[in-house]
Amino acid sequence: MTIFDYVNRLASYGVTTGLIEKEDVMYVKNQLLMHLQLDGFESQEQAESLPEVSVDDLEDILKHLLDYAVEHNLTVNDGNVARDLFDTKLMSVFISKPSEVTARFNSLYAESPKKATDYFYKLSQDSDYIRRYRIKRDMKWKSPTEYGDLDITINLSKPEKDPKAIAAARNSKQSGYPQCLLCKENVGYAGRLNHAARENHRIIPLTLAGESWGFQYSPYVYYNEHCIVFNSRHTPMCISKKTFERLLDFVSQFPHYTLGSNADLPIVGGSILTHDHFQGGAYEFPMARAPIETPVSIPGYEDVTAGIIKWPMSVLRISSENKERLVALADHVLTAWRAYTDKDAFIFAETDGEKHNTITPIARRRGSCYELDLVLRNNITTEEHPLGVYHPHAELHHIKKENIGLIEVMGLAVLPARLKQELADLGKAIVEERDISADEVLSKHEPWVKEIREKYSCCITSENVDEILRTETGIVFSKVLEHAGVYKRDEKGRAAFLRFVNGL
């Protein structure tokens with residue numbers, strides 16, 4: 001096939017997905033020719049061609065167009081980042097202006113919130129802002145634990161750091177625009193080697209608790225309809241009474257979605273602390289299925305249902321049909337926790353002027369009821385645990401070393417891409433009874449492998465070893481969450497948790 005065939009195939013993809021109408025085809029083709037620096041088609045027949053394609057053909061079509069662009073020096077280099085910058089430019093010709101997307105969203109919202117989000121999610125995928133073909137590479141499974149099934153993912157869709165882009169960016173002019181990847185100024189932005197292209201990106205304006213916010217999807221989609229809701233101003237993360245008002249306002253407007261916030265302190269917060277934002281989606285996380293283990297009654301808030309749930313982290317669940325009462329109690333808990341110290345439980349509100357206590361809140365609807373899960377967090381460090389006392393400890397770093405943010409708090413592990421190959425190699429080593437102590441990559445797993453060999457001494461085979469490793473990975477993740485819990489799930493820990501709750 002020639003370059004013109006791939007131009008025609010991409011235009012046909014636009015019609016197939018509904019991104020454009022047939023009346024738009026010639027305009028779109030000419031825009032693609034312009035970006036590819038082509039003067040025109042070689043024949044009238046070629047100009048009018050619109051071959052049949054499927055949604056799954058997009059990756060192949062873009063690959064050939066990108067190969068042409070690299071070969072003809074239309075990209076900065078042939079690295080992944082440069083290729084992503086260029087194919088985003090190509091896809092941008094298919095997507096409507098922000099005002100038109102918002103108008104369509106609002107029109108559908110008048111029919112139902114779900115119709116509106118279905119439209120916007122499909123648009124975000126069809127436009128290749130969410131790259132379906134990369135998301136499909138992620139490994140996902142459910143792992144049974146004492147807390148119910150946990151969701152495990154090995155993320156393979158988020159691009160690895162591109163050495164060529166890093167080298168080129170070092171020599172390029174530094175820019176503070178947009179201020180971060182969450183800022184509203186990303187809409188339509190062409191990107192650069194150190195900032196992702198967003199020409200095919202759209203944002204839906206929202207009003208939450210009387211303030212201007214934006215609604216978009218994550219390009220990496222760790223779960224179904226993984227959305228990001230962000231403050232229209234570039235302002236730091238801050239958990240406050242206003243946070244609870246915004247979260248509950250959102251689930252009022254979109255009752256089929258869950259929404260939560262990362263904590264606002266390092267170690268226990270997310271990867272972006274500089275821009276206030278939430279994450280959610282149309283997904284039931286394992287935490288949502290966790291039952292209340294210890295019902296409690298909080299003085300002055302007897303009308304609000306409350307209880308400690310059966311979960312590896314320390315979570316107080318509160319629910320009510322009255323949003324204002326729920327906000328009032330959540331703010332009461334936050335205020336008390338910010339100032340709370342219990343030396344016997346190694347909880348310190350502050351040391352050397354540094355504050356440690358905060359909350360990771362999650363909001364959802366259950367019929368006419370509003371529900372908030374308030375996850376107690378503390379980011380204190382010690383010489384023994386320099387990355388955090390309530391953070392995965394060193395013996396679990398072979399599986400998970402990174403911070404435990406909102407998504408993982410709710411029971412979905414986002415594990416590093418390295419584990420795909422490491423688990424496969426470990427499976428072979430276990431079946432072959434091979435010593436991995438000298439293996440540069442696998443030796444960090446040696447204590448874990450020893451435990452697995454002892455636990456399954458009678459029955460590990462080449463047929464079941466992969467499933468065993470997946471199950472045990474899930475158990476490690478449950479321990480990761482236990483480490484992140486400020487109150488341990490033993491008699492002493494439960495008593496300490498109740499001391500705090502009973503003091504509210």
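Refer to the structure presented above.
Attention in this report is confined to the structure presented alongside it. (Residues numbered from 1 in each chain as written. Predicted model: local features only at pLDDT ≥ 70, side-chain atom pairs only at ≥ 80, totals over all residues. Heavy atoms only, no water.)

Describing the overall build of the protein
In terms of helices and strands, the protein carries 16 helices and 15 strands. Relative to a compact globule of 504 residues, whose C-alpha radius of gyration would be 23 Å, the protein shows 25 Å and is just as compact. With respect to the three principal axes, the spread of C-alpha positions in the protein is 80 × 60 × 45 Å. Buried positions account for 54% of the 504 residues belonging to the protein. The long-range fraction of contacts in the protein, counting pairs at least 24 apart against all pairs at least 6 apart in sequence, stands at 65%. Averaging the coordinates of the 60 positive side-chain charges in the protein and doing the same for the 73 negative ones gives two points 3 Å apart. (Helix = DSSP H or I, 4+ residues; strand = E, 2+ residues; numbered from the N terminus. Rg over C-alpha atoms; globule rule 2.2 N^0.38 Å. Buried < 20%, exposed > 50% of the residue type's maximum accessible area, 1.4 Å probe, protein only. Contact = heavy atoms within 4.5 Å. Lys, Arg positive; Asp, Glu negative; His and termini not counted. Charge placed at Lys NZ, Arg CZ, Asp CG, Glu CD.)

Digging into the pattern of salt bridges
Side chains that differ in sign of charge can pair as their charged atoms come close. A full pass over the atoms with the stated rule returns 34 salt bridges. A salt bridge links Glu 293 to Arg 489, with the nearest nitrogen and oxygen atoms 3.0 Å apart. Of this pair, Glu 293 sits in strand 8 (residues 292-296) while Arg 489 is found in the loop between helix 15 (465-484) and helix 16 (491-502), placing the two residues 196 residues apart along the sequence. The partly exposed category is assigned to Glu 293, whose relative accessible area is 32%. Note on Arg 489: relative accessible area 23%, which makes it partly exposed. With a shortest N-O distance of 2.9 Å, Arg 366 and Glu 371 are connected by a salt bridge. Note on Glu 371: relative accessible area 7%, which makes it buried. Salt bridges linked by common partners bring Asp 84, Asp 87, Asp 128, Arg 131 and Arg 134 together as one network. (Salt bridge = Lys/Arg side-chain N within 4 Å of Asp/Glu carboxyl O.)

Remarks on unusual backbone geometry
Here Tyr 177 and Pro 178 are connected by a cis peptide whose omega angle stands at -20 degrees. Residue position: Pro 178 is located in the loop between helix 9 (163-170) and strand 3 (204-208). The backbone of Val 221 sits at a positive phi, close to 40 degrees, despite the residue not being glycine. With respect to the helices and strands, Val 221 occurs in the loop between strand 4 (211-217) and strand 5 (227-231). Residue Val 221 is classed as buried on the basis of its relative accessible area, which comes to 5%. Positive phi, normally seen in glycine, also occurs at Ile 267, with a value near 75 degrees. Within the fold, Ile 267 resides in the loop between strand 6 (258-260) and strand 7 (277-281).

Points about the environment of Ala 417
Within the fold, Ala 417 resides in the loop between strand 15 (412-415) and helix 13 (418-431). Judged by its relative accessible area of 22%, Ala 417 falls in the partly exposed class. Sequence spacing of Ala 417 and Lys 158 is 259 residues, and the spatial spacing of their C-alpha atoms is 9.0 Å.

Section: helix 4 (residues 58-71)
When the terminal C-alpha atoms of helix 4 are compared, their 20 Å separation across 14 residues agrees well with the 20 Å that a helix rising 1.5 Å per residue should span. All buried positions along helix 4 are accounted for by Leu 58, Ile 61, Leu 62, Leu 65, Leu 66, Tyr 68 and Ala 69. Down the axis of helix 4, the smallest arc covering the buried residues is 155 degrees, so these residues share one side. Structurally, helix 4 contributes buried residues whose contacts are with helix 1 (3-17), helix 5 (80-91) and helix 8 (132-135). Taken from the residues just after helix 4, Asn 73 is the one with a positive phi, measuring 55 degrees. (Expected span 1.5 Å × (residues − 1). Arc of directions from axis to C-beta.)

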